[in-house]
Amino acid sequence: MIPVTPLLTAVTVTKTFRRNIHVILFHCKKVYHMTTIPLKHLLIKNLNKEASGVEALFSTYVDLIESNASESTHREFEKSIMEPYLNTCYGSSSDHRSYDASTVTFKDALKNHESTSSTPTNPDLNTMPTNDICRVQQNYKAMRTWRKVGRGRNLPNSEKNCVIRLFSYNILAQYLLEMHSYLYKHHNQRTLEWETRKKLLIQEILEAQATVICLQEMQEDHLNEFLKPFKEHKYNHLYKKRTNDKKDGLLLMYRSDVFDLVEYENVEFFQSDVEILNRDNVAIIVKLSLKDSPETQIVIATTHLLYNPKRDDIRLCQTQILIAELERIAFIKNTSRGPTYHPIILAGDFNLQPKSGVYKFITEGSFLYMGKSRTLGPADHRSLSNSLIPPHLYVTDSCQHFCILLKRLRNRGEGKVMLENSEKGLSKTSWDSCDKNQFRKDEVNVRNKNFQKIQILDGHHVNFGSGSLTHPFKFRSVYSHIDRNGQNEATTHQDGWVTVDYIFFSEVELIERYTLPTQKQCKAVSTIPNREIGSDHFSTGATFILRKKLRQ
Ligand code: KL2
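Since this is a predicted model, take the numbers as computed values, not measurements. (Residues numbered from 1 in each chain as written. Predicted model: local features only at pLDDT ≥ 70, side-chain atom pairs only at ≥ 80, totals over all residues. Heavy atoms only, no water.)

### A few points about the confidence of the model for the protein chain
Considering every residue of the protein chain, the mean pLDDT works out to 82; 73% of them sit at 70 or more. For residues 50–56, every residue scores under 50 in pLDDT, and the model assigns this stretch 8 contacts once sequence neighbours within four places are set aside. Below pLDDT 50 for its whole length, residues 112–137 participates in 36 contacts with residues either more than four positions away or in separate chains. (pLDDT = per-residue confidence, 0-100. Contact = heavy atoms within 4.5 Å.)

### Re the pattern of salt bridges
Applying the stated criterion to the full structure yields 22 salt bridges. For K240, the salt bridge goes to E423, with nearest N and O atoms at 2.9 Å. With K240 in strand β9 (residues 235–241) and E423 in the loop between α13 (402–410) and α14 (428–434), this residue pair connects regions lying 183 residues apart in the sequence. As a salt-bridge pair, D312 and R315 come within 3.4 Å of each other at their nearest N and O atoms. Taken together, the residues span about one helical turn, with D312 and R315 both in helix α11 (residues 312–330) at a distance of 3 residues. Judged by its relative accessible area of 1%, R315 is buried. (Salt bridge = Lys/Arg side-chain N within 4 Å of Asp/Glu carboxyl O. Helix = DSSP H or I, 4+ residues; strand = E, 2+ residues; numbered from the N terminus. Buried < 20%, exposed > 50% of the residue type's maximum accessible area, 1.4 Å probe, protein only.)

### Some thoughts on α13
Among the residues of α13, those classed as buried are F402, C403, I404, L405 and L406. Contacts from the buried residues of α13 go to α11, β18 (452–457) and β19 (460–464).

### Section: the packing of helix α9 (residues 194–207) against helix α10 (residues 223–232)
It is at 11 Å that the axes of α9 and α10 come closest, and there the two elements cross at 25 degrees. The orientation of α9 relative to α10 falls into the category roughly parallel. Crossing geometry of α9 relative to α10 is assigned as right-handed. Between α9 and α10, the residues in contact are W194, K198, L201, I202, I205 and L206 and E225, F226, P229 and F230, respectively. Looking at side-chain class alone, the contact of α9 with α10 contains 8 nonpolar, no polar and 2 charged residues. (Axes fitted to C-alpha atoms, helices over the stretch in contact; angles between N-to-C directions. Parallel < 35°, antiparallel > 145°, perpendicular 65-115°, else oblique. Left-handed = near helix turned anticlockwise from the far one by under 90°. Nonpolar A, V, L, I, M, F, W, Y, C, P; charged D, E, K, R; others polar.)

### Regarding α10
Among the residues of α10, those classed as buried are L223, F226, L227, P229 and F230. Along the axis of α10, the buried positions cluster into a sector of 155 degrees, meaning they face one direction only. Among the exposed residues of α10, those oriented more than 90 degrees off its buried face are N224, K231 and E232. Where α10 is buried, its residues meet α9, β8 (212–219), β9 and β10 (248–255). (Arc of directions from axis to C-beta.)

### Observations regarding the nonpolar core
Formed by 60 residues in total, the largest nonpolar core has its most connected members in I205, F226, I300 and F544. If we skip the residues at most four places from it in the chain, F544 touches C162, V163, I164, L166, I345, V478, I503, F505, V508, E509, L510 and I511. If you look at the next biggest cluster of nonpolar residues, it comprises 46 residues, including I321, L346, Y359 and L393. (Core = buried A, V, L, I, M, F, W, Y, C linked by side-chain atoms within 4.5 Å.)

### Some details on the pairing of strand β12 (residues 282–290)
In terms of residue burial, β12 counts as a mostly covered element, since 9 of its 9 residues are buried. Side-chain alternation along β12 places V282, I284, V286, L288 and L290 on one buried face and A283, I285, K287 and S289 on a second face that is also buried. Pairing geometry for strand β11 (residues 259–268) and β12, over 9 bridges, is antiparallel. Pairing of E268 across the sheet is with V282, part of β12. Pairing analysis gives 8 bridges linking β12 to strand β13 (residues 293–304), with the strands arranged antiparallel. Looking across to β13, one finds that I285 is bridged to A301. The hairpin turn running from β12 into β13, its antiparallel successor, is 2 residues long. (Pairing = 2+ DSSP bridges.)

### Digging into the site of the ligand
Surveying the vicinity of the ligand reveals 13 residues, the closest of which are H304, D349, N351, Q494 and H537. Between a nitrogen atom of the ligand and a side-chain N or O atom of H180, the distance comes to 3.5 Å. Within the contact set of the ligand, an oxygen atom lies 2.2 Å away from a side-chain nitrogen or oxygen of D349. Partitioning the shell around the ligand into residue classes produces 4 nonpolar, 6 polar and 3 charged. (Near = heavy atom within 4 Å. Polar contact = N/O pair within 3.5 Å; in protein donor to acceptor, adjacent residues only side chain to side chain.)

What follows is the structure, given as structure tokens:
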């Protein structure tokens, strides 16, 4: 009879839901997930009897197999399919080779075991230190590693550089979880409690040791309690609730021993009387300076754009407003070669897919929307016209505030932002009356939605309603959205596993990224939130080098 137990010397049984049991095997430094579970009926019976705890479940299962080690049990085992669970091999901690991702049967694994082992027990697992096994049991953590990229692999220590780590995470507001409870009916209900999730979230966020943390879906009435450990770890914070009746918002934290806050803006996309901007999404933008080099500044922003999967046109307009605000805050000076800007990092939940229209706009710097559908795909019965944001908001098609351009280039007017903001008491009427005389009437016709091209200086003009948008930044995405084996990565589960969370950057050097799971790995993780993951999203993170400016 073939001994089964050696292969099961390190097995984790997780019960994410009564009908959803996972058996994870560690074999020859590889981690497998059993898709069908032999003796499931017995396992369920035993699980119910056992107190919870991985060790108890593990020994239960091994005992179970030993006591049932008959011919028929073995036949059942031989048929069971084992899928690779993680793309990391275990052994020495530096061993990060990815392994053959093909699916094997238990029988194949056993053959492999026999050919690699002359003793009845598995040498790899026997030599694996206990704390390594513990690490293996933390499947999620093993999947998420800080992987060096580019110069990060061989970075010389330099006084000229500052290393900045940014961590961004949609933490799933509890009231949204409860409002959309149908999405979580197959989850282990205990893992959905805020107190349970909060602990996991705080642990994961603090462990990243980031210099800047951007959180989305921070529920306002959970904020004070949530902040406590971060205050102890020297983080200062800014919070911006979504507008109107929404109970969640954005939390941006930065290490107060690394940065000083130079300037900030709480951006509201909601603009009354503008249908395409009638949603409650917001953004926070901060300009930070280095404590040990105050001339060195960086602009960091976070946002959570509209969810509605069909309305990329709205997300495009929200992005236009956000970039106009970034352009204003990151601007340094005009030179003969054009404007110069501080480095920018833009992180958050954009609710858009890689390679979608808005993604292209952000990363390529221009996008033609006229004639496209609301999903920014091919034309349909409701194709977009030449104009999205109305000219009375004075945001140009190049994502700049017209009034600020007038001030910069012609020193005309007060250089005001013509957007409503409920915090500042700026309503449509307040700026309508006070700023009317800033421009000559013929400059921007606010009632005209046709294409308008307006010259500000010789050789410098701006457009309204041209049917396309541009912006001045060269944003790159930290993630390429596919791993080294061509597998799609994911950050959350909607109808399937998808990417909606991003970190974009310009004028800083990427040296490290926090690896994301592939869609295939996500399927093995099953449901999130779960016992290890506190949210319905995966966190994103990256480390950058910011070049210090020399004192003038
Ligand atoms: O996908 V999200 O989840 O980025 O994590 O952003 C939104 C959605 C968030 C804020 O609006 O609430 C979730 N079905 C499922 N989820 C929804 C829905 C919906 N109809 N509306 C909002 N959310």
